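So the chains spell out like this:
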Amino acid sequence: MTAAELNALTVHDALARLDNGDCTSVDLVDALAAEIQTRDGDLGAFVSVDVDTARAEAEAADRARAAGKGGRLCGIPIAVKDVLNVRGQPCTCASRILDGYVAPYDATAIARLRAEGAVFLGRTNMDEFAMGGSTENSALHVTRNPRNRAYVPGGSSGGSAAAVAGGLALCALGTDTGGSIRQPAAFCGCVGLKPSYGRVSRYGLTAFASSLDQIGPMTRTVRDAALLQEILSGVDPLDATSVAAPVPPYAAQLTTDLRGVTLGVPAEYGVEGLDAGVDKAVREAIARCRALGARVVEVSLPHTAYAIATYYIVATAEASANLARFDGVRYGKRCADAQDPLDLYKRTRAAGFGPEVKRRIILGTYVLSSGYHHAYYLKAQKVRTLIRRDFEQAFAVCDALLTPCTPTPAFRIGEKTQDPLQMYLGDIFTVTANLAGIAGLSVPCGATPEGLPIGLQILGPAMKEENVLRVGHANETARGEGWIG
Amino acid sequence: MNYRISIGLEVHVQLQTRSKMFCGCAVAFGAAPNTHVCPVCLGYPGAMPAMNREAVVLTVRTGLMIGSTISTYSKFDRKSYFYPDMPKNYQITQYDRPLCENGTVVADGGDGAKTVRIRRIHLEEDVAKNTHFAQASGVDFNRAGVPLMEIVTQPDMTSPEDAFHFLLALKQILQYADVSGCNLEEGNIRCDVNCSVRPEGQEELGTKTELKNLNTFKGVLHALKYESERQMEVLRTGGRVAQETRRWDADAGETYSMRSKEDAHDYRYFPEPDLMPVVLTEGEVDAWRAALPEMPGDRRTRLVRDHGIPEYDAGVLVADKALADYFEAAAKLAQNAKAVSNWMMTEMLRLLGETERDIRTVPITPAALASLVKLVDARTLNSNTAKEIFAELFATGGDPDAMVKQRGLAQVSDRGAIGALVDAAMAENPGPVADFRGGKVAAAKFLVGQVMKKSKGKADPQLVAKLLEEKLAGGGM
Ligand SMILES: [Zn+2]
């Protein structure tokens, strides 16, 4: 097989090829490494690639496969967002403050993939500490949208989305705190699944907002996302918030029709500023679902209007504590010539964090301060409960919800960097799933006349990943375009 | 004018769990720096806490011992502040939903029992230990994450002595509950102290100061004596006590200001999102209550009742759980509790005091003490020899039976043999014999001593006295 053919494979196709002996894991690693070497200087999807280690892992996987052994991902190269700890690799979170840090352990998600034979190819760019929606907040470099180099790939998992959609990775891991898997998937034209809160262990995920963060797969097809999710799901004693719910065989349960499925369309999601192309593509998707046998009902999520304010209070409050550990004492960057501990913290953190991270730490510190705690943090928690209740009521009458993933397609690099609030408002359709802890999937559902992808968001009840995967897969199959490498 | 003192304590107690509060690292004192650490207790990126259930059980057991209400729902919170002893720069603690609320500890300081109300007991993680060198500072994270139970009292103590006696009573309960090593040298118990004074007759408490991190009970006593006097002097001279945190300098014997109220931290508490709330069922709590160890007061009553030892002795033994455990073990083997108690109250306590040793580590075992008691009861050993053997056992250990055999220490109780010695002593000392017969009774004592000397201390002194009396009265020789 040619390098171009190898790099265009889905995970399922690659597994079939490996089984048939059409290619080896080493072939896959070599082809991707060469492509990264050639094209990533421009695309900027990766922050580091460890070809030697990946090749060694691929060789081991090939040997295991030849011996009739090996797990469900034996020999499949995967790209990992730079926020997850992989033993022996740097984990910078695209921040200067983690300069020199090498992870001493595997995140649970990584350990699970490793146990199934996955090969860790490299680490992908992101907004610093996952704070942002364009990957422009990376302290390292810009990542471009593979569909159009002038546009952002979205964020914060922009590097993972660009790598998967841009032919530099067969699949990737992202993390989603307020849309950071789904929005870049929509912007770049790939599949992104944010699992329910507690579905995937967060142990080893450098925390941004602990009550919102989730790790999830970013892939070229829904079936691939289903396979990865089967492996990632499950309770972990190292993460007290992980949930001991049974893990269904997601991939095997996929169907091409939607008979017997009830889908809800939230009345509140026709927001001002919704791009006409996005609106049209999502309406077509709704019609397609109907044609596939689904019953479509209108539902109401009345507290949606408060979601962004609530999200930015909860997320920044938690972040202000989570990021306090980066102080120059134990690992990462340490500024020289400090006079005392406080001076060390100030100098290290001033030099180590970028402006968006500082903005959010300050905001989070403020909302938790005595005198403001009740007005902001506690109130936000109450609204969060109301938002969760909205979804519970909606899911009492439907199996999944259909919404746009983002109000607009990808924007130009630099277009919103001077206006953080405008950037925050782009999260309107995605943050609610994190606040409510439910499952959310983004699948491509069209493109603008300029060729920018549009994402359909499918939301499902907590621990019902099978619902959103089924709707996503039926849509993907019915559109018939399949994965375009 | 007279003043009233009000004192409240926050007592931090390290729990004796096998592993730390939120990770699998061992709880170990005295290990080389940073050898019991992992990504969790070092606050590495991505590491998450996993709750040690054992620490919850020990905290609840303490609460049950002092009559607390046990919360069936409690939770952990983050307390944020930047300091190099905090790996995450926030501490996981319990803010508004502690594991235990209310309760009482009765402290008896000799001038009557005093009841101190407990406000709450919560669970948190200990911090690292900082060491300052000439050019730099070092942080040892071995202690970071050790389970720490904080016991907060109401301001019910009205003198530094009250606080001291409260701490002794609390330590006793903690030992009986078997929840902590209670080793003050190892920092198992550390106190923060609140103190205020007010003019007699005034209801409302005065402005309080806080003294941080006192790690001996005597330190608490001395610091409070100094601080309460200082505050009274401030009021006497027309000043106002400033609300502040002060540090006790044990060497200088005084407290000095660390930071004022204005500089107080804003800890920005919020619920720890990485941990689930601690939910206990009534059934669990009932089971723990049923399995509670005996309280010190109950044990004292039982010792008097079952072993027939004096009330006072029982009080002294029970005051230190290890001492009482030792007593009961020895008494059971010796079948003579009173004799064991006598040894404990006299020789044992005296030597423990002189050598500053711990009853748990002395070489003399309860079995050895029991053997010694049996040897005396069987009149194989006389009391003087027994004391010498006790001292030796205390210092180096050993088996009294074997020692008696090896050294031929067994008491001579043979009438014939002792009679011969008595005869010899009388023959060698005609003067005292005549004195006795002339009415000087004290002369008999001298003669007994001479007989004992001849027997190298092995003669049964009672038998010696009896035979001597007979022979002197008999008028022989
Ligand atoms: Zn540890």
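Sequence order as written defines the numbering, with residues in each chain counted from 1. Each chain gets a letter, beginning with A, and each ligand a number, beginning with 1, in the order they are written. Local features are withheld for residues below a pLDDT of 70 in this predicted model, meaning they are given only at 70 or higher, and side-chain atom pairs are given and counted only at 80 or more; totals for whole chains, interfaces and linings count all residues. Side-chain figures throughout are based on the complete set of non-hydrogen atoms in the structure, without hydrogens or water.

Chemist: Whenever I open this one, the overall build of chain A confuses me. Can you help?
Modeler: What counts as a helix is a DSSP run of H or I of at least four residues, what counts as a strand is a run of E of at least two, and both are numbered from the N terminus. If you tally the helices and strands in chain A, you get 16 helices and eleven strands. In summary, chain A has a C-alpha radius of gyration of 21 Å against a globular reference of 23 Å for 485 residues, a match within 12%. Across its three principal axes, chain A shows a C-alpha extent of roughly 65 × 55 × 45 Å. The buried label goes to any residue with under 20% of its type's maximum accessible area, the exposed label to any with over 50%, and the partly exposed label to all in between, with areas taken from a 1.4 Å probe on protein chains only. Across the 485 residues of chain A, 63% fall into the buried class. Note on contacts: a residue pair is in contact if any heavy atoms of the two residues lie within 4.5 Å. Residue pairs at least 24 apart in sequence account for 76% of intrachain contacts in chain A once pairs closer than 6 positions are excluded. The atom set for the radius of gyration is the C-alpha atoms, and the globule formula is 2.2 Å times the number of residues raised to the power 0.38.

Chemist: Mind showing me how you'd approach the packing of aromatic side chains here?
Modeler: How two aromatic rings sit relative to each other is given by the distance of their centres and the angle of their planes. Each pair of aromatic rings taken from Phe, Tyr and Trp, with Trp reduced to its six-membered ring, is defined by centres within 6.5 Å and is described as stacked if the planes are under 30 degrees apart, edge-to-face if over 60, and tilted in the remaining cases. Tallied over the entire structure, the rule returns 22 aromatic pairs over all chains. Between A:Phe391 and A:Phe395 the ring centres are 6.1 Å apart and the planes differ by 25 degrees, which places this aromatic pair in the stacked class. Of this pair, A:Phe391 and A:Phe395 are both found in helix H13 (residues 374–395), four residues apart, which corresponds to roughly one turn of the helix. Assigned by exposure class, A:Phe391 and A:Phe395 land together as buried. Consider the rings of B:Tyr81 and B:Tyr267, whose centres lie 5.9 Å apart with planes at 70 degrees: the pair is edge-to-face. Taken together, the residues span a long stretch of sequence, with B:Tyr81 in the loop between strand E4 (77–80) and strand E5 (90–93) and B:Tyr267 in the loop between strand E15 (254–260) and strand E16 (270–271) at a distance of 186 residues. Classification of B:Tyr81 by relative accessible area gives buried; the value is 18%. Following the ring pairs from residue to residue traces out a cluster consisting of A:Tyr101, A:Phe129, A:Phe326, A:Tyr331, A:Phe353 and B:Tyr44. Only when the NZ of Lys or the CZ of Arg is both within 6 Å of the ring centre and within 35 degrees of the ring normal is a charge said to sit over the ring. The ring of B:Tyr267 has B:Lys79 sitting right over it, with the charged end atom 4.4 Å from the ring centre. Above the plane of the ring of B:Tyr176 lies B:Lys321, whose end atom (NZ or CZ) is 6.0 Å from the centre.

Chemist: Looking at this model, I keep getting lost on the packing of helix H3 (residues 25–43) of chain A against helix H4 (residues 51–66) of chain A. Mind explaining?
Modeler: Any two packed helices are characterised by how steeply their axes cross, that is the angle between the axes, and by the distance between the axes. All names here are of chain A. Their axes nearest at 7 Å, the elements H3 and H4 cross at an angle of 160 degrees. The angle between the axes of H3 and H4 places the two elements in the roughly antiparallel class. With respect to the hand of their crossing, H3 and H4 are arranged in right-handed fashion. Contacts from Ser25, Val26, Val29, Asp30 and Ala33 in H3 reach Val51, Ala54, Arg55, Ala58, Glu59, Ala61 and Asp62 in H4. To define axes, lines are fitted to C-alpha atoms, for helices over the stretch in contact only, and angles between the resulting N-to-C directions are given on a 0 to 180 degree scale. Each angle is binned into one of four classes, with values under 35 degrees roughly parallel, values over 145 roughly antiparallel, values of 65 to 115 roughly perpendicular, and all other values oblique. It is the rotation of the near helix from the far one that decides the hand of a crossing: anticlockwise by less than a right angle makes it left-handed, clockwise makes it right-handed.

Chemist: Which parts of the structure should I look at to understand the sheet that holds E16(B)?
Modeler: Strand pairing in a sheet relies on backbone hydrogen bonds. The paired strands run either parallel or antiparallel. Taken in spatial order, the three strands make up an open sheet running E5-E4-E16 (chain B), and their pairing is antiparallel. Because the sheet does not close on itself, it has two edges, and the strands there are E5 and E16 of chain B. Between any two strands, pairing holds if DSSP finds at least two bridges.

Chemist: Hey, could you run me through the coordination of the zinc ion in this one?
Modeler: A four-donor tetrahedral metal ideally has 109.5 degree angles, and a six-donor octahedral metal ideally has angles of 90 or 180 degrees. Residues and elements named next belong to chain B. Any nitrogen, oxygen or sulfur atom within 2.8 Å of a metal ion counts as a donor, with the limit raised to 3.2 Å for Na, K and Ca, and since water is left out, coordination shells can look unfinished. Summarising the metal site, the zinc ion is bound by the protein donors Cys23 (SG), Cys25 (SG), Cys38 (SG) and Cys41 (SG), whose distances to it range over 2.3 to 2.4 Å. Metal sites are grouped by the angles between bound donors: all angles between 85 and 135 degrees with four donors is tetrahedral, opposite donors over 155 degrees apart with the others between 65 and 115 is square planar for four donors and octahedral for six, and any other pattern is irregular. Of note is the zinc ion, whose four donor atoms meet at the metal with angles of 101 to 114 degrees in an arrangement that counts as tetrahedral. Here the donor residues of the zinc ion are spaced in sequence according to C-x1-C-x12-C-x2-C. Remark: Cys41 occurs in the loop between strand E1 (3–14) and helix H1 (53–65) and Cys23 occurs in the loop between E1 and H1; sequence separation between them is 18 residues. The residues Cys23 and Cys41 share a single accessibility class, namely buried.

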